[in-house]
Amino acid sequence: MATTRAQFGKETGNDGTWQRQQSPFRRWVTADGSGEFPAEAGRYHLYVAKACPWAHRAIIFRRLKGLEDAIGMTVVDPIRDEQGWRFIAGDAPDDPANGERDPLHGWRYLAEGYRLADPSFDGRVTVPTLWDRETETAVNNESADVIRMLNSEFDAFAAYPERDYYPVELRDDIDSINEWVYATVNNGVYRCGFATSQSAYDDAFDELFASLDKLDAMLGERRYLLGDRITEADWRLFTTLVRFDAVYVGHFKCNLRRIADYSNLWPYARELYQIPGIAGTVDFDHIKRHYYVTHDQINPTGIVPKGPEIDWNEPHGRD
């Protein structure tokens, strides 16, 4: 069976396709106080990995909205093991996980929080996870939900409440772009990398580069995906683009073209990277060590490549 060589057997079909699990926690924090989880400063905490593109979205939105004082954040170690995401003492890439604990609860693994929130949980522990410190439970671990909450539900406590990356007048268009970009690009690279049959890989590979070509053409006609305004769609794409040449080209066999080979996608990605505050959310050491060391079915030696040499600070020329 195809699953015998799979990195995550429970999420691999018998045909070799990658079938990502559904997020188990999908509750919502509300600005108006309705529901179980009213927005409050200091009540909620984010568990993230700098290595993970899904968690990176949440890190970016917390930074862009200026929510650092309102929502705490803990960064897990980039190296996963059989127990899942583990904790480090701080943000320094050399901090060991041995004996270090989550500063809120003393956990060694995020899985301990999942078991507290749902003792019956039997899936893969993921980040970002938005945690409620008052009721001691996981509110939400779906990145698409988390960034929308960060975008609007905490505006009363945000340094930049005027920044809106999901404006009402563009929501249908944002949702439309997100749908196919998620399926073929954000998740598409994983469908390539975690495929365990040639046909599953070939299909994902072709869809991925058809979409990248389409995006490159779109960005030849407009500055951002929806025109002259940066939206949620741009940031959801960015976290894949910033990892692409360093990890996905080699590790996930997405090697038809690099992002650096695209005439529009490459300067677009650099422009987003160079927006104040964003470069500080990108940690290539965490990114590379996570993918190359953690996925032992794909890279059994655990050797982390030294390259590529890419200048993300090169002027983007899109002004």
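Residues numbered from 1 in each chain as written. Predicted model: local features only at pLDDT ≥ 70, side-chain atom pairs only at ≥ 80, totals over all residues. Heavy atoms only, no water.

**Q** It is not clear to me how the packing of helix α4 (residues 171-186) against helix α7 (residues 232-248) should be interpreted in this structure. Could you clarify?
**A** Any two packed helices are characterised by how steeply their axes cross, that is the angle between the axes, and by the distance between the axes. Put simply, α4 and α7 touch, their axes get as near as 9 Å, and they point 10° apart. One element, α4, and the other, α7, form an angle in the roughly parallel class. Residue-level contacts link Ile174, Ile177, Asn178, Val181, Tyr182, Val185 and Asn186 of α4 to Glu232, Ala233, Arg236, Leu237 and Thr240 of α7. Considered class by class, the residues forming the contact of α4 with α7 number seven nonpolar, three polar and two charged. (Axes fitted to C-alpha atoms, helices over the stretch in contact; angles between N-to-C directions. Helix = DSSP H or I, 4+ residues; strand = E, 2+ residues; numbered from the N terminus. Parallel < 35°, antiparallel > 145°, perpendicular 65-115°, else oblique. Contact = heavy atoms within 4.5 Å. Nonpolar A, V, L, I, M, F, W, Y, C, P; charged D, E, K, R; others polar.)

**Q** Any chance you could explain the packing of α4 against helix α6 (residues 198-219) here in plain terms?
**A** The geometry of α4 relative to α6 is characterised by a closest axis approach of 8 Å and an angle of 140° between their N-to-C directions. As far as their axial angle goes, α6 and α4 are oblique. Within the contact between the two elements, α4 uses Ile177, Trp180, Val181, Thr184 and Val185 and α6 uses Glu207, Leu208, Ser211, Leu212, Lys214, Leu215 and Met218. Residues belonging to the contact of α4 with α6 are distributed by class as follows: eight nonpolar, two polar and two charged.

**Q** I would appreciate a short explanation of the environment of Ile177 in the present structure.
**A** Tracing the sequence through the fold places Ile177 in helix α4. Sequence separation between Ile177 and Ala233 is 56 residues; the distance between their C-alpha atoms is 6.8 Å. Leaving out residues up to four positions away in the same chain, Ile177 has contacts with Met218, Leu225, Leu226 and Ala233.

**Q** Before we go on, may I ask you to explain the sheet that holds strand β5 (residues 129-132) in this structure?
**A** Neighbouring strands of a sheet are bound in pairs by backbone hydrogen bonds; such pairs are parallel or else antiparallel. The strand order β4-β3-β5-β6 describes an open sheet built from four strands, whose pairing is mixed. Among the strands making up the open sheet, the edge pair consists of β4 (72-75) and β6 (137-140). Shown here is a sheet whose adjacent strand axes are inclined to one another by a mean of 35°, direction ignored. Pairing of β5 with β6, which is carried by three bridges, proceeds in the antiparallel orientation. Its bridge partner lying in β6, Asp132 is registered against Thr137. (Pairing = 2+ DSSP bridges.)

**Q** What am I meant to see in the pattern of salt bridges here?
**A** Pairing of side chains with opposite charge becomes possible as their charged atoms draw close. Counting across every chain of the model gives 18 salt bridges. Across the salt bridge formed by Lys65 and Asp155, the nearest N and O atoms sit 2.8 Å from each other. Taken together, the residues span a long stretch of sequence, with Lys65 in helix α1 (residues 53-65) and Asp155 in the loop between α3 (143-152) and α4 at a distance of 90 residues. Overall, Asp155 belongs to the partly exposed group, its relative accessible area being 25%. (Salt bridge = Lys/Arg side-chain N within 4 Å of Asp/Glu carboxyl O. Buried < 20%, exposed > 50% of the residue type's maximum accessible area, 1.4 Å probe, protein only.)

**Q** Just to check I follow, could you spell out the side chain of His56 for this structure?
**A** Note on placement: His56 falls in helix α1. For His56, a relative accessible area of 0% translates into the label buried. In this structure, His56 is in contact with Ala49, Phe238, Thr239, Val242, Arg243, Thr281 and Val282, ignoring residues within four places of it in sequence.

**Q** Teacher, can you tell me more about the nonpolar core here?
**A** What tends to happen in soluble globular proteins is that the nonpolar side chains get buried as a cluster. Residues Leu212, Leu215, Leu225, Trp235, Phe238, Phe244 and Leu265 are the most contacted members of the largest nonpolar core, which totals 96 residues. Once residues lying within four places of it in the same chain are set aside, the contact partners of Leu215 are Trp180, Val181, Val185, Leu225, Leu237 and Leu265. (Core = buried A, V, L, I, M, F, W, Y, C linked by side-chain atoms within 4.5 Å.)

**Q** Hey, could you run me through helix α8 (residues 265-273) in this one?
**A** Each full turn of the α-helix corresponds to 3.6 residues, which orients residues three or four apart in the same direction. Most of α8 is tucked away, with nine of its nine residues classed as buried. For α8, the set of buried residues is Leu265, Trp266, Pro267, Tyr268, Ala269, Arg270, Glu271, Leu272 and Tyr273. Elements in contact with the buried residues of α8: α6 and α7.

**Q** Hey, could you run me through the confidence of the model for the chain in this one?
**A** When pLDDT drops low, the exact placement of atoms in the prediction is not to be read closely. Of the residues in the chain, 89% reach a pLDDT of 70 or more, and the chain-wide mean stands at 91. For residues 95-99, every residue scores under 50 in pLDDT, and the model assigns this stretch eleven contacts once sequence neighbours within four places are set aside. (pLDDT = per-residue confidence, 0-100.)

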